[in-house]
Amino acid sequence: MDGERLNPEQALARLKSSETSLESEHHSGKLTIFFGYAAGVGKTFSMLKAAHRQKDFGIDVVIGYVEPHGRSETESLLSGLEVLPTCGVQYHEVTLQEFDIDAALARKPGIIAVDELAHSNAPGMRHTKRWQDIDELLSYGIDVYTTVNVQHIESLNDIISQITGVVVRETVPDEILARAEEVILVDITPDDLLQRLSDGKVYIPEQVQRALLSFFKKENLLALRELSLRTTAERVHDDVETARFGLAASQPWNTAERLLVCVGPSPGSRKLIRSTKRLADLLRARWLAVHVDTTSSDSLPVSDKQRLVDNLQLAESLGAEIVTLSGADVVEEILDYAKKRNVTKVVVGKTGLNRSTFYSRPSLSERLIRSSSAIDIYMIQGLEGPEKDAFKGRQLKIFTSGWSLMLLTLFLTSCLAWLFQVYSIGPANIVMLYLAAVVFIASRCRPVIAVISSFLSVLLFDVFFIKPYLSVGVEDTQYLFTFIVMLGVSLLVARLTGKNRSQAEISRRNERRLESLYHLNQALTGFSDTKSIGPVAENVIQELFGVQAAISIADANGRLHDVCSHSAAFASDTKEFAAIFWVYENGKKAGVGTDTLPERQALHLPLVATSGIVGVLSLKLNNPSQISLPETRQLLDTCCKQIALAIERNRLRENVQNSHVLAETERMRSALLSSVSHDLKTPLSAITGASSSLLEIDVRLPEETRLELLETIHDESERLSRLVDNILHMTRLTSSTIEITRDWYPIDEVIGTVLSRVARLSKGRCITAEIHPDNAIGYFNASLLEQVMENLIDNAVKYSPSDSPIKIIAKTDNNGLKIEVIDSGKGLPPGEEQTIFEKFVRGTSEKSDTRGTGLGLAICKGILKAHGGVISAHNRPEGGAVFKLTIPFSTPSTLCSICEGDDII
């Protein structure tokens, strides 16, 4: 066994097995799951019994958490075992007792028993699920015993819901079950479980009747029991396969029956397929229908190619897994594949074409029986009567093809050898000439013809070129050795040449398939738009198969629109359109060469992805034989899967993008409402209060108080006006592409206008401006730049002390206008120099009355970008922040806003 070469599957299985072993020994603990189909089958009881056995062996065993459910026999088993204290969690005025994972990690026993793997922990615990607690215990090298029912397995959740009508909320990922070192099935009959339930050994009496009327119906329990048995059996089967591959077993292990039927173009294959189906049903076994594609497949008549396709379709319709292999030796390929798939029985036909000559090779069935080893071979009579004689005639015709080429080649070689002899060229050169002829024949004809040519070449050399001529005898006995060597070399050369020819042809065929799929995959991955996939895939399919192709893609709502709209071959063909809709609705192929709508001129194939049918591929064939070969059909099916996956991939990408846009839009709207509602309410409340005081007729207010109230109304109205202006500016900037009008303006006038406008808001703050040179001008939109400056000064006033100065520095150079607004506040939080320019982002102020929507700086950035400029911010070493903006003198083209891709708020 050590000297045998491992195939890739065996090597991977052995590597996986060794990695798992190392991991279990050096990194994590071992998980043992006590598995059942319903509450009350005895999982906790069996777990505690196992814990006692381990303790008797000297293992440090503790109980982390066990829920006895009032069962006396379970509670009795807790005695004699160390039980960790539970953790009390307050939840809705109720104290819940939960598994204390910290206490378990501090104790760190050899084995800990934790009941109810699928349990959801109370809010406030470290993990939301108990299986996460157990996963952490395993990571610390602690072995864990736990329990779970089949209805809690995630992949079976929808099946359980369909069977029982109960949606199970607490589930466990399948990965946890797969990671378990051991799964112990705890099983009793449904009748026994119902009796235990009636006796009050599962639930308290108040819950028994309700359980019997819902989940614990006998038909439910039968189905759940079968699911638990199947789940456990599948896990055991996976373990067997891993062990078999890990040991590089050369023979199948008959732990489960699996059948393989050999399918060819023979009419008798249909009988083999039906017989194998009946045998598989009898044995309750899976079965494979296998065809081996050899170099002789191309020489088959069209009728035989079509019959082969029909045979494979029949097997697929009966539930077989279709497999097409490539190789020169049919028997070798079948047996290698059978051993890899753990096939226990091979079904082959007995055609009656027995050997009748000494040079005939053993039949397929004879070679299978000779080489099958531990695999059983079932031989079934395939052909009878006239059908048998007709197929035998075709086989003999195929067998004799190539004879004329062999005879012609040997005749011409003999003529050339006669010329060699006339011109006294030695016999050694004539021998080489015949060897060359054998190589040529072997490279062009079937192996049996090459073997016959080897014998004939020796015979011709002896009869015509060795004395006595025209006789098989020889005068010089040394030529006998020459004949033997010549025959041996000829046979070896013929065999090697024929084998190399077959392998080269198969390699070229596989290379063409891989190249085709690679070309299709490359073409499909280059597009992110689902609508673009159709025309590209159509062109590739047309190049690969030489047919007219059209693809109909369903929209996101599952409706088939624009059926073959961009294909002239299917334009206005209502019959083909009806076939396309039928294929899309039913998920089955239809059209020419199928059993559904065979009178149609096109073949329609469903594009099936993991989420369902996403479209239909339509092929208009000039001749059905264009896709009659099994390997061509297999390549076409693979192309359909690739196209379907590409459509699904792009659709998922579009869904993610749409979801992101919707989520971002919703976030923006929520942020706007949250911010604006407060900033609208505050000034409105002030205005309402001040105006109501002024309107009170009975109260005479002093003149100073009246002026203060009027000033409050004025200030808060201006605040509302600025808020509305900011929202309108932001909406304008984010709604579409904008184009601004720019001109040359003096910078001192713009800054003076802004300072006079914010004089009331600055509340006497010291704001100075430096302009270099004094007569500097800039190229900008004056009203928009004033808005930017007003927002920056307002921001400096809010986020700096009331007695600190604010400084504005403006200067020009050859590149454009540069303006800095400098304050003496706390500065910007580290790392937020860029994020503060995002919408609804607000800084932290020392002032309690600081209000704002977080739109001001975002508007500044949008306006600067519309000017082709930039705005940035950084902290000063001596304290405070600097906001720096740059506007170039060059005239920009129409510019998009900063918020490209954002939705309108």
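The rules behind the values
- Residues numbered from 1 in each chain as written.
- Predicted model: local features only at pLDDT ≥ 70, side-chain atom pairs only at ≥ 80, totals over all residues.
- Heavy atoms only, no water.
- Helix = DSSP H or I, 4+ residues; strand = E, 2+ residues; numbered from the N terminus.
- Buried < 20%, exposed > 50% of the residue type's maximum accessible area, 1.4 Å probe, protein only.
- Contact = heavy atoms within 4.5 Å.
- Areas by Shrake-Rupley, 256 points an atom, 1.4 Å probe, with all protein chains shown as cover.
- Arc of directions from axis to C-beta.
- Axes fitted to C-alpha atoms, helices over the stretch in contact; angles between N-to-C directions.
- Parallel < 35°, antiparallel > 145°, perpendicular 65-115°, else oblique.
- Left-handed = near helix turned anticlockwise from the far one by under 90°.
- Core = buried A, V, L, I, M, F, W, Y, C linked by side-chain atoms within 4.5 Å.
- 1 Å grid on protein atoms, 1.4 Å probe; cavity = no way out; pocket = protein on both sides within 12 Å on 5 of 7 lines; lining within 4 Å.
- Points joined across faces, edges and corners; volume = space filled by probe spheres on them.
- Pairing = 2+ DSSP bridges.
- Nonpolar A, V, L, I, M, F, W, Y, C, P; charged D, E, K, R; others polar.
- Phe/Tyr/Trp six-rings, centres within 6.5 Å; stacked < 30°, edge-to-face > 60°.
- Lys NZ or Arg CZ within 6 Å of the ring centre and 35° of its normal.
- pLDDT = per-residue confidence, 0-100.
- Right-handed = clockwise from strand over helix to strand, strands pointing away.
- Salt bridge = Lys/Arg side-chain N within 4 Å of Asp/Glu carboxyl O.

Caption draft 1: Spotlight on the overall build of the protein. Counting its regular elements, the protein contains 27 helices and 24 strands. A total of 905 residues make up the protein; the buried ones form 42% of that total. Sequence-distant contacts in the protein: of pairs separated by 6 or more residues, those separated by 24 or more amount to 71%. Per element, the accessible surface of the protein, about 47100 Å² overall, is 54% carbon and sulfur.

Caption draft 2: Geometry of helix α6 (residues 157-164). Taken residue by residue, α6 has N157, I160 and T164 as its buried positions. Taken end-on, α6 shows its buried residues confined to a sector of 65°, consistent with a single buried face. Facing away from the buried side of α6, by more than 90 degrees, are the exposed residues D158 and Q162. Two residues or fewer past α6, G165 is found with a positive phi of approximately 75°.

Caption draft 3: Region of the structure containing the packing of helix α16 (residues 403-422) against helix α17 (residues 427-444). Closest axis-to-axis distance for the α16/α17 pair is 10 Å, and the angle between their directions is 165°. Comparing the axis directions of α16 and α17 gives the class roughly antiparallel. Remark: the crossing between α16 and α17 carries right-handed chirality. Judged by residue contacts, L405, M406, T409, L410, T413, S414, L416, A417 and F420 of α16 engage N429, I430, L433, Y434, A437, F440, I441 and R444 from α17.

Caption draft 4: Layout of the nonpolar core. Counting residues in each nonpolar core, the largest one holds 58 residues, and the members touching the most others are I112, L137 and F216. Listed in part, the 41 residues of the second largest apolar core include A776, L784, M789 and A873.

Caption draft 5: Spatial organisation of empty space enclosed by the protein. Under the defined criterion, the tally for this structure stands at one cavity of 30 Å³ or more. Looking at the largest cavity, its volume works out to about 30 Å³. If you list the elements that add at least two residues to the lining of the largest cavity, you get α5 (130-139) and α7 (174-179). It is α5 that contributes the most residues to the lining of the largest cavity, four residues altogether.

Caption draft 6: The pairing of strand β22 (residues 816-822), seen in detail. Burial analysis of β22 places six of its seven residues in the buried class, which makes it a mostly covered element. Here strand β21 (residues 806-812) pairs with β22 via six bridges, running antiparallel. If you follow A810 over to β22, its bridge partner there is I819. Hairpin connection between β21 and β22: a loop of three residues separates the two successive antiparallel strands. With seven bridges joining them, β22 and strand β24 (residues 881-888) adopt antiparallel strand pairing. Within β24, the position partnered with V821 by the bridge is F883.

Caption draft 7: Representation of the packing of helix α13 (residues 330-340) against helix α14 (residues 364-371) in the model. At their nearest, the axes of α13 and α14 sit 10 Å apart, and the two run at 45° to each other. Considering their axes alone, α13 and α14 lie oblique with respect to each other. Crossing of α13 against α14: the hand is right-handed. Contact residues: α13 offers V330, V331, I334 and L335, while α14 offers L364, R367, L368 and S371. In terms of residue class, the contact of α13 with α14 is made up of six nonpolar, one polar and one charged.

Caption draft 8: Structural view of the packing of aromatic side chains. Inspection of every chain in the model, using the stated rule, returns six aromatic pairs. Pairing F34 with Y145 gives two aromatic rings, centres 5.7 Å apart and planes at 75°, and the pair type is edge-to-face. Highlighted residues: F34 in strand β1 (residues 31-36) and Y145 in strand β7 (residues 143-149), separated in sequence by 111 residues. Like Y145, F34 is buried. Ring-pair connections join several aromatic residues into one group, and the members of that group are W744, Y779 and F889. Positioned above the aromatic ring of Y65, the side-chain terminus of R130 is 4.3 Å from the ring centre.

Caption draft 9: Representation of the sheet that holds β1. Taken in spatial order, the six strands of this open sheet run β3-β2-β6-β7-β1-β8, and their pairing is parallel. Unpaired on one side and paired on the other, β3 (82-83) and β8 (182-185) mark the two borders of the sheet. Looking at chain direction, strand β2 (residues 61-65) and strand β6 (residues 111-114) are connected through four bridges and run parallel. Looking across to β6, one finds that V61 is bridged to I111. Sitting on the sheet, helix α2 (residues 43-56) is in contact with β1, β2, β6 and β7, with an inclination near 165° to β7.

Caption draft 10: Expanded view of the confidence of the model for the protein. Here the protein averages 78 in pLDDT, while 76% of its residues score no lower than 70. Confidence, expressed as mean pLDDT per element, reaches its minimum in the protein at helix α15 (residues 385-400) with 48 and its maximum at β6 with 95. Contacts for the low-pLDDT stretch residues 19-26, under 50 throughout, to residues beyond four places or in other chains number two contacts. Ignoring residues within four places in sequence, the model shows residues 355-359, a span with pLDDT below 50, making seven contacts including any to other chains.

Caption draft 11: Molecular detail of the pairing of strand β9 (residues 258-262). Burial runs high along β9: five of the five residues are buried. Burial along β9 is two-sided: R258, L260 and C262 facing one way and L259 and V261 facing the other are all buried. As paired elements, β9 and strand β10 (residues 286-293) share five bridges and run parallel to each other. Looking across to β10, one finds that C262 is bridged to V290. In terms of handedness, the path from β9 via helix α11 (residues 269-283) over to β10 forms a crossover that is right-handed. Direction of pairing for β9 relative to strand β12 (residues 345-350): parallel, over a ladder of three bridges.

Caption draft 12: The environment of G593, seen in detail. With respect to the element layout, G593 can be found in the loop between β15 (590-591) and β16 (602-609). A sequence separation of 287 residues divides G593 from Q306, and the C-alpha atoms of the two residues are 8.9 Å apart. Excluding anything up to four places from it in sequence, G593 contacts Q313 and R633.

Caption draft 13: Inspection of the sheet that holds β9 at higher detail. Pairing in this open sheet of five strands is parallel, and the strands run β11-β10-β9-β12-β13 from one edge to the other. Single-partner strands in this sheet number two, and they are β11 (321-326) and β13 (376-381). Geometrically, the sheet is characterised by an average inter-axis angle of 30° between neighbouring strands, direction not taken into account. The sheet contacts of helix α12 (residues 302-317) involve β10 and β11, and relative to β10 the element is tilted by about 165°.

Caption draft 14: Summary view of the pattern of salt bridges. As enumerated under the stated definition, the model contains 18 salt bridges in all. For R107, the salt bridge goes to D60, with nearest N and O atoms at 2.8 Å. Of this pair, R107 sits in helix α4 (residues 101-107) while D60 is found in the loop between α2 and β2, placing the two residues 47 residues apart along the sequence. Classification of R107 by relative accessible area gives partly exposed; the value is 27%.

Caption draft 15: Structural detail: unusual backbone geometry. Going from H772 to P773, the amide bond is cis rather than trans, its omega being -15°. Tracing the chain through its elements places P773 in the loop between β19 (767-772) and β20 (777-780). Not every positive phi belongs to a glycine, and R284 is a case in point at roughly 55°. Counting through the fold element by element, R284 comes out in the loop between α11 and β10. Here R284 falls in the exposed class, since its relative accessible area comes to 78%. A positive phi angle, near 60°, is found at N342, a position not held by glycine.

Caption draft 16: Up close: the environment of P173. For P173, the position within the fold is in the loop between α6 and α7. Taking the C-alpha atoms as reference, P173 lies 9.3 Å from A118; in sequence the two are 55 residues apart. Among all residues touching P173, those that are not within four sequence positions of it are W131 and E154.

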